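Okay, here's what each chain looks like letter by letter:
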Amino acid sequence: MIEARSITKRFGRTTAVDGISFCHERGAIALWGSNGAGKTTLIRCLLGILRCGGSARICGIDVRRRGRLARALVGYVPQELAFHDDARLGRAIAFFASLRRVSHEDAARALALVSLNGHETKRVRDLSGGMKQRLALAIAMLGDPPVIVLDEPTSNLDSEGRHEVVHTLRSLKQQGKTILFASHRPDEIISLADRVLVLERGRIVRDTTPIGLWPHERAVKTIRLHLVGTPEPEAARILLREGFAVHCNGSGLCVAVPRDRKASPISVLARHEIEVRDLEVLEEVDTSEASS
Amino acid sequence: MRRDLPIILLLAWLLAPSWAAGGPVQDLIDRARPGETVIVPAGHHREHLKIDKPITLDGHDAATIDGGGEGIVIEITAPDVTIRNLRITGSGSTVSGEPCAIRALAGPVVIEHNTIDDCLFGIDLRESPGAIVRDNTIIGKDLEEARRGDAIRLWWCHESTVERNRVRRARDLVFWYSEGLTIRENRVEDSRYGLHFMYSHHTVLSRNDLRRNAVGIYLMYSNDITLEHNTMIANRGASGYGIGLKDCDNIIVRDNAMLANRVGIYIDNSPSSVDATGLLEGNTIADNGTGILATPNTHDNVFTHNALIENEEQAAAHGRGTLHLNSFSRDGVGNFWSDYPAFDGDNDGIGDLPYEPRSLFHSLLSAEPNLRIFLHSPAQQAIEFTARVVPELRPEPVLVDPAPLVDPPAMPEGPRDGRRAPMLALGSALILVAGGLGGVLTHGQIRTPTYRRDAQ
Amino acid sequence: MLCVARREFVDAIAGKWFLLCSLTFALLALAISFVSLSTAGSHAFAGFSKTTAGLLNLVMLVVPLMALTSGSASIAAERERGTLLYLLAQPISRVELLLGKYLGLSGALICSICVGFAISAIVLAWHAGSAGAGSYALLVANTIVLALAMLSTAFLVSVLARRASIASGISIFLWLTLVFLSDLGLMAGTILFKLRVQEVFALAIVNPMQAFKMGVIHAMNDSLDVLGPVGAYATHTLGNALPLILAGVLVIWIALPLLLASLCFARRSTL
């Protein structure tokens, strides 16, 4: 379904994606890595939004040569949702429906699927974050594409919204869709992904499963550490070296830890004379359905 | 070489004796006694005629004399000859020898009601005083302007009358060394100089209509001439003057209309003699590129009661000069200027402030005529605006009218199209285009789609 | 492509700036018609009347401004808002997206031009009859071509500029340049270097504004001798080719920037 062959993308001197190759047939695949690891760039290259070296194929269709056709097979939810704010919800989805050559009935069905029907006359800028995300999901599902690509689909959502999105995606997966998503939340990955690609500085450093990444998946918690002084990327590197799954997003360091050893990263950091000011245990996504 | 040349030569040899002996019409002329009227039989006569006695040649509007594209068609060598109601065609077309339809070498003669076409020169009168040329229609050969001949030429023909002739596509109507002429109600179109005077004095030109020529009326070295009630429209050729005056003394230009010419009236060193004057009174000078254009040495012309309306440039002097040696009012009455911001506190019909045009762009134009290409562009407005803001940049006024008129005099009506329908149709068509485009491009987007029905 | 055009059209028409420009244009056209009718009666001997001269100046000021500002925002603003990314993830190629937007905006511009001229045409019909209806139609047609040329240029700016503010800055500067600076510069050059007529003509018609103006004047007078020695030179040496050359300049100004914009946009390695 999704096939990448030595995809390389440089922005000036920095190499954002450095010869990534992988092949994925069915089910959900997650991209895991800290900010700047190249997740977003890789996704954009896969969709042919950015010109890059190497080649990408979706359902066997070369993205660069026949980008239009390839993208018709992909529903995409971007990281930052940007709509024409003045537009009304109904107009927005109608526009995307016409872009994807999808009938009004299908648009209505997609809207109903995310239970946004009835809100057509609302202006997009007046929608809540969750509603916007659902709108994006509805747009991604227009025309029932076999592949759905999401770039941090839950980053702007509260726990309820996140739960809803994960739930929807899981049911899509059950319908047989191929899902590729980037995330920095272990719980999401555990509950959704069949396979995880760990990205670091534009390369795949591990190609594994959530269980391979976090052996005690049921016991995993995500904690957020707030440091004193030390730059977060440095601390993240130390923790990564110690085998923790780390994500740093500018407002604290998110670390996946076994449920009963929540303090372990703190002691690791202490050994490197990095002081932790505060610790937050992030609420849990229900992962009990992960295996179903 | 052409294959049929021998045949042509043979024909020429066969026909030549008949010319020498004269054709049927020439025979009639030869047999006529002085004072008789020769009726030219109806039909097409390929002949060249020579008239050497005072007779009248009348074609009754049914006869054509055709010179066959060679030489002079009718040559008159005796006085008191009248030629009327003929169609004359087919003179030679090389300039040498100046082939023409009618040439008179004696006078007086009367040439009236003839139609002349396909002739290099039309009516060429040499030393034929007292001639009358009227109601003729003359259409020149289809040649470029430089190779055409004059439609009517008078050479030493004092006291002659040229009236109600219609001329198209010729070179000039030209008058050499002829005095006391009456030139009226002629209409000249698409020619070079509509009416052209060379060293011809003491004449009145009135009610002539001159359109689309290089120059409407061009007077050169001719004195004491009055131009009255003439109309000059759209004379825009190489010179493009409605009226041009070169070295002429005591000219009166009164109640004429100069409209949409390149230059309304062009004055080149007129008057040229000391004590001579010029008077321009009651003329309507509208829609021209330049209303009044003069060489800087032009002096002692009086402009009064003229209306200068919407000329791109109302008045200018060549080479950055001014028109200050002329006066723009007489007895406290100036001219109407359409760009004069009228202010008349005492309500006497005379503006309270003098009219002083100071256009920086036009002053630049007189220094560098090539800049005229930028006419009608925002850059021109920018220059004028700058000059208004920075007074140091304002040029000297090209003229001062101390008593400008506040109300425009009556204007002649233009070629109006009083119908509203076409313009209204155009307006509606434009709205339809807009509406149609809007319809196509907003198709299905006017209403916000709702899906409630489907959701149930 | 058509759906992009449609959305662009609706967005443009609903936009405040565009509406303001259209209104200004319509009102000024109306005012010019009234003013020129009120002065000195109703003579119209010249094919090129005061009304057309006034409208010509108005068109050269307002229409390029409208086209340049609205066009320069098109791609750059979408890029800045992030909507461009979203659009490009849809089954549409970059060139299609660009052309769709161009189509939509040209539609909006043509609508606004037509409405403005239509209002003024109705006023003229009522007060001055139909003399010059042909010239008027020619003016409208030429104006539309000029608008398309300026829009095309604006799209090139929009594709190349990194931010929407930079794009609109550049477009305003371009407007100033094309409307004022280049002509003023050429005037200075003509005076300083004593340029010959053919040089002045060649340099002047490079500016689409001048090509437009000469095209309109030539269409109405069948010659450019109103424009002095340079115009007369052009009329006499180029003859029947002159209107074609002037139209050609405008067509190049439509095609070339749009082609460049498409190429740059399609080959761009970033968004």
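Our subject is the structure that appears above.
**Remarks on the overall build of chain C**
Reasoning step 1: Counting its secondary structure elements, chain C contains 11 helices and 0 strands.
Reasoning step 2: Taken from the N to the C terminus, the helices and strands of chain C come in the order α-α-α-α-α-α-α-α-α-α-α.
Reasoning step 3: The principal-axis extent of the C-alpha atoms belonging to chain C is close to 60 × 45 × 30 Å.
Reasoning step 4: Expressed as a percentage of the 271 residues in chain C, the buried residues total 59%.
Reasoning step 5: In chain C, 81% of the contacts between residues at least 6 apart in sequence involve partners at least 24 apart.

**What to know about the interface of chain C and chain B**
Reasoning step 1: Taken together, the contact between chain C and chain B spans 66 residues of the former and 54 residues of the latter.
Reasoning step 2: A buried area of about 5,100 Å², summed over both sides, lies between chain C and chain B, and 72% of it is on carbon and sulfur atoms.
Reasoning step 3: One can count 2 salt bridges joining chain C with chain B.
Reasoning step 4: Between the two partners, chain C and chain B, sit 5 residue pairs in polar contact (both at pLDDT 80 or more).
Reasoning step 5: At the level of elements, α1 (2-14), α3 (50-81), α5 (94-128), α6 (133-160), α7 (164-193), α8 (197-206), α9 (208-221) and α10 (228-238) of chain C are the ones that each hand at least two residues to the side of chain C that touches chain B.
Reasoning step 6: It is α5 of chain C that provides the largest number of residues to the side of chain C that touches chain B, a total of 15 residues.
Reasoning step 7: Considering only residue class, the side of chain C that touches chain B consists of 45 nonpolar, 13 polar and 8 charged.

**Regarding a nonpolar patch on the surface**
Reasoning step 1: A contiguous nonpolar patch, built from Ile-252, Leu-256, Leu-259, Leu-260 and Leu-263 of chain C and spanning about 470 Å² of accessible area, is present on the exposed surface.
Reasoning step 2: On the basis of relative accessibility, which here comes to 46%, the residue Leu-256 of chain C falls in the partly exposed class.

**Some remarks on the layout of surface pockets**
Reasoning step 1: There is about 960 Å³ of room inside the second largest pocket.
Reasoning step 2: Taken together, 35 residues form the lining of the second largest pocket, with Asp-86 of chain A together with Asp-11, Ala-12, Gly-15 and Arg-81 of chain C sitting closest to its centre.
Reasoning step 3: For the lining of the second largest pocket, the secondary structure elements donating two or more residues are α3 (89-99) of chain A together with α1, α2 (16-38), α3, α4 (83-88) and α5 of chain C.
Reasoning step 4: Ranked by residues supplied to the lining of the second largest pocket, first place goes to α3 of chain C with 7 residues.
Reasoning step 5: A class-by-class count of the residues in the lining of the second largest pocket yields 15 nonpolar, 7 polar and 13 charged.

**Things to note about the nonpolar core**
Reasoning step 1: Counting residues in each nonpolar core, the largest one holds 191 residues, and the members touching the most others are Phe-22 and Leu-135 of chain A together with Phe-117 of chain C.
Reasoning step 2: Tallying contributions element by element places α6 of chain C first for this core, with 16 residues.
Reasoning step 3: Excluding residues within four positions of it along the chain, Leu-135 of chain A makes contact with Phe-83, Leu-89, Ile-93, Leu-111, Leu-116, Val-124 and Leu-127 of chain A.
Reasoning step 4: Ranked by size, the runner-up nonpolar core spans 75 residues in total, among them Cys-119, Met-258, Ile-292 and Val-398 of chain B.

**A few points about empty space enclosed by the protein**
Residue and element names in this part refer to chain A.
Reasoning step 1: Inspection of every chain in the model, using the stated rule, returns 4 cavities of 30 Å³ or more.
Reasoning step 2: If you add up the space inside the second largest cavity, you get close to 40 Å³.
Reasoning step 3: Forming the walls of the second largest cavity are Ile-2, Ile-43, Leu-46, Leu-47, Ile-58, Val-74, Val-147, Val-149 and Leu-180.
Reasoning step 4: When residues of the lining of the second largest cavity are traced back to their parent elements, those giving at least two are α1 (39-47) and β7 (147-151).

**Points about the sheet that holds strand β13 (residues 152-155) of chain B**
All names here are of chain B.
Reasoning step 1: The strand order across the open sheet built from 12 strands is β3-β5-β7-β10-β13-β16-β19-β22-β25-β28-β31-β34, with neighbouring strands paired in parallel fashion. The strands lining the two open edges of the sheet, one partner per strand, are β3 (49-51) and β34 (313-317). Adjacent strand axes in the sheet meet at a mean angle of 10°, parallel and antiparallel pairs treated alike.
Reasoning step 2: Here 4 bridges tie strand β28 (residues 263-268) to strand β31 (residues 290-294), and the two strands are oriented parallel to one another. For Ile-265, the partnering residue across the bridge sits in β31 and is Ile-292.

Rules used throughout
Residues numbered from 1 in each chain as written. Chains lettered and ligands numbered in written order. Predicted model: local features only at pLDDT ≥ 70, side-chain atom pairs only at ≥ 80, totals over all residues. Heavy atoms only, no water. Helix = DSSP H or I, 4+ residues; strand = E, 2+ residues; numbered from the N terminus. Buried < 20%, exposed > 50% of the residue type's maximum accessible area, 1.4 Å probe, protein only. Contact = heavy atoms within 4.5 Å. Buried area = accessible area lost by both parts, 1.4 Å probe. Salt bridge = Lys/Arg side-chain N within 4 Å of Asp/Glu carboxyl O. Polar contact = N/O pair within 3.5 Å; in protein donor to acceptor, adjacent residues only side chain to side chain. Nonpolar A, V, L, I, M, F, W, Y, C, P; charged D, E, K, R; others polar. Patch = residues over 30% accessible without salt bridge, like charges linked within 9 Å, V, L, I, M, F, W, Y side chains within 5 Å. Areas by Shrake-Rupley, 256 points an atom, 1.4 Å probe, with all protein chains shown as cover. 1 Å grid on protein atoms, 1.4 Å probe; cavity = no way out; pocket = protein on both sides within 12 Å on 5 of 7 lines; lining within 4 Å. Points joined across faces, edges and corners; volume = space filled by probe spheres on them. Core = buried A, V, L, I, M, F, W, Y, C linked by side-chain atoms within 4.5 Å. Pairing = 2+ DSSP bridges. Axes fitted to C-alpha atoms, helices over the stretch in contact; angles between N-to-C directions.

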